Amino acid sequence: MSLKAGIVGLPNVGKSTLFNAITNSHIEAANYPFATIEPNSGIVELKDERVDHLVEIFAPRRVVRATFEFIDIAGLVKGASKGEGLGNQFLANIRNVDAICHVVRCFENPDIIHVENTIDPLRDIETINLELIFADLDTVNKRLGKVETKARTSKDKASVEECNLLTLLKSQLEKELPLRNLEFTKEQTLLLKSYGLLTLKPVIYVANVSEEDYLNLENSKHYQTVVEYAKKEHAEVVAISAAIEEELSSLDEEDKMAYLNDLGMKETGLNRLVSKAYSLLSLSTFFTVGQDEVRAWTFKNDMKAPQCAGIIHSDFEKGFIRAETYRYEDIMKYRSEKALKEAGKIRSEGKDYIVQDGDCLLIRFNV
């Protein structure tokens, strides 16, 4: 299941430095606007200690962890919705991601220029959010122009319902509010998918703070500004210091843990960001296990067993018979599948079974 989060923000807020740390790549992180033009892409493994514990039990020949793709998108400037800077390209790249990681500069540094010459997280957030709102309003108005007349003259039911939905969207956007705060019916949600609207995408605000503020967030006025703004949107905030994260990414695991201990931290900011992005999209993990391979698979919450089987291979979904299932917690307790069987902990689940996070599955199928 290929999932993407786009890293967005104004130029020179730390997007590319963060991306370097996330992927341990070394793309250009220059001190001038538009250092990133073509979007860079990097795959990140989800840190999940359950995989490590399953490996201890099964000693497989191969281990495959769940992954998440991050896209570093060119910095946006005011007027992007009208094509300013790299606006059209920026907006097109955002349409292709599942979630947005909005990096906000919350540190002072006279050696790193800011396109507005001052540090103001609230202004920066609103600049980008307004450009996304304006782009969506343009999309909605164009579509409304096509269906409004038909809805009025023919009274076609589908056209009337679409017209009503578009009118609702337009009203929200004209108030300069994102669409993700609205609630939609299942039918409306299906229709919305065809529009490619930007402000429907879930957002995590990534507050890029100084090294000093990272260890004392309560006293970071810029960080607290982002937190207060995010509360109004019911959005998540992750504080990171891109400089620290990039340094951590260059260390081996032992040195990394020692550095984290020195900082008084249990995990990197990047791990928190990846986990937040995972949960933001209502994702969970199931496992396939054995001596050949231990593998983590990403699935959407509330997926049924045949759909999850299809993530492994389309033939598994087409010919699905049943899923032999047990819980991760049970294999940790009993330590072998033989012991699980004897304890009656392996279940046979059919087509209506809703897969749970931490399930270990063996798919039975026939094509």
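Here's a quick rundown of the structure. Here the structure is a predicted model, which is why all the values come from computation and not from measurement.

In this section: helix 9 (residues 242-249). An α-helical turn contains 3.6 residues, so a residue and the one three or four places further along point in the same direction. Those residues of helix 9 not exposed but buried are A242, I244, E245, L248 and S249. One side of helix 9 holds all its buried residues, which, seen down the axis, span an arc of 160 degrees. For helix 9, the secondary structure elements touched by its buried residues are helix 1 (15-23), strand 6 (203-209), helix 7 (211-214), strand 7 (236-240), helix 10 (253-263) and helix 11 (269-280).

This paragraph deals with the packing of aromatic side chains. Counting across every chain of the model gives six aromatic pairs. Arranged with centres 5.4 Å apart and planes meeting at 45 degrees, the rings of F68 and F70 form a pair that is tilted. The burial state of F68 is the same as that of F70; both residues are buried. Relative to Y229, the ring of Y205 has its centre 5.9 Å away and its plane inclined at 90 degrees; by these criteria the two rings are edge-to-face.

What follows concerns the sheet that holds strand 6. In spatial order, the strands read 2-4-1-5-6-7; together these six strands make up an open sheet with mixed pairing. The open sheet is flanked by strand 2 (40-45) and strand 7, the only strands paired with a single partner. Each neighbouring strand pair of the sheet contributes to a mean axis angle of 25 degrees, computed without reference to strand direction. Of the strand pairs in this sheet, strand 1 (residues 4-8) and strand 4 (residues 67-72) are connected by four bridges, and their pairing is parallel.

Another aspect to go through is the layout of surface pockets. The calculated volume of the largest pocket comes to roughly 1,000 Å³. Together, 30 residues line the largest pocket, and D98, L200, K201, P202 and K300 are the ones closest to its centre. It is helix 6 (residues 186-192) that provides the largest number of residues to the lining of the largest pocket, a total of four residues. Here the residues of the lining of the largest pocket sort into 13 nonpolar, seven polar and 10 charged.

Axis separation between helix 1 and helix 9 bottoms out at 8 Å; the angle between their running directions is 30 degrees. With respect to helix 9, the axis of helix 1 lies roughly parallel. Note on packing geometry: the crossing formed by helix 1 with helix 9 is left-handed. Along the contact surface, helix 1 presents T17, L18, N20 and A21, while helix 9 presents A242, A243, E245, E246 and S249.

Residue position: L54 is located in helix 2 (residues 49-58). Excluding its chain neighbours within four sequence positions, the residues that come into contact with L54 are F287, V289, V294, Y328, I331 and M332.

This paragraph deals with helix 12 (residues 305-312). Listing the buried residues of helix 12 in full gives A305, P306, C308, A309 and I311. Buried positions along helix 12 lie against strand 8 (283-288), strand 9 (293-300), helix 13 (314-318), strand 10 (320-327) and strand 12 (359-365).

Glancing now at empty space enclosed by the protein. For the coordinates displayed, the defined rule picks out one cavity of 30 Å³ or more. As a volume, the largest cavity reaches approximately 40 Å³. Forming the walls of the largest cavity are I100, N129, L132, I133, P178, R180, T199 and V203. Here the lining of the largest cavity gets three residues from one element, more than from any other, and that element is helix 4 (residues 121-154). Class assignment for the residues of the lining of the largest cavity results in five nonpolar, two polar and one charged.

It is worth spelling out the side chain of S241 at this point. Residue placement: S241 occurs in the loop between strand 7 and helix 9. Using a relative accessible area of 1% as the deciding quantity, one classes S241 as buried. The contacts of S241, once residues within four sequence positions are left out, are N208, V209, S210, E211 and Y214.

This part is about the pairing of strand 10. Examined bridge by bridge, strand 10 and strand 12 share seven bridges and lie antiparallel to one another. Residue pairing for strand 12: R327 is matched across the bridge by D359. Strand direction decides the pairing type here: strand 10 and strand 11 (residues 347-349), joined by three bridges, are antiparallel. Across the sheet, the residue bridging to T325 is R347, located in strand 11.

Parameters and conventions
Residues numbered from 1 in each chain as written. Predicted model: local features only at pLDDT ≥ 70, side-chain atom pairs only at ≥ 80, totals over all residues. Heavy atoms only, no water. Buried < 20%, exposed > 50% of the residue type's maximum accessible area, 1.4 Å probe, protein only. Helix = DSSP H or I, 4+ residues; strand = E, 2+ residues; numbered from the N terminus. Arc of directions from axis to C-beta. Contact = heavy atoms within 4.5 Å. Phe/Tyr/Trp six-rings, centres within 6.5 Å; stacked < 30°, edge-to-face > 60°. Pairing = 2+ DSSP bridges. Axes fitted to C-alpha atoms, helices over the stretch in contact; angles between N-to-C directions. 1 Å grid on protein atoms, 1.4 Å probe; cavity = no way out; pocket = protein on both sides within 12 Å on 5 of 7 lines; lining within 4 Å. Points joined across faces, edges and corners; volume = space filled by probe spheres on them. Nonpolar A, V, L, I, M, F, W, Y, C, P; charged D, E, K, R; others polar. Parallel < 35°, antiparallel > 145°, perpendicular 65-115°, else oblique. Left-handed = near helix turned anticlockwise from the far one by under 90°.

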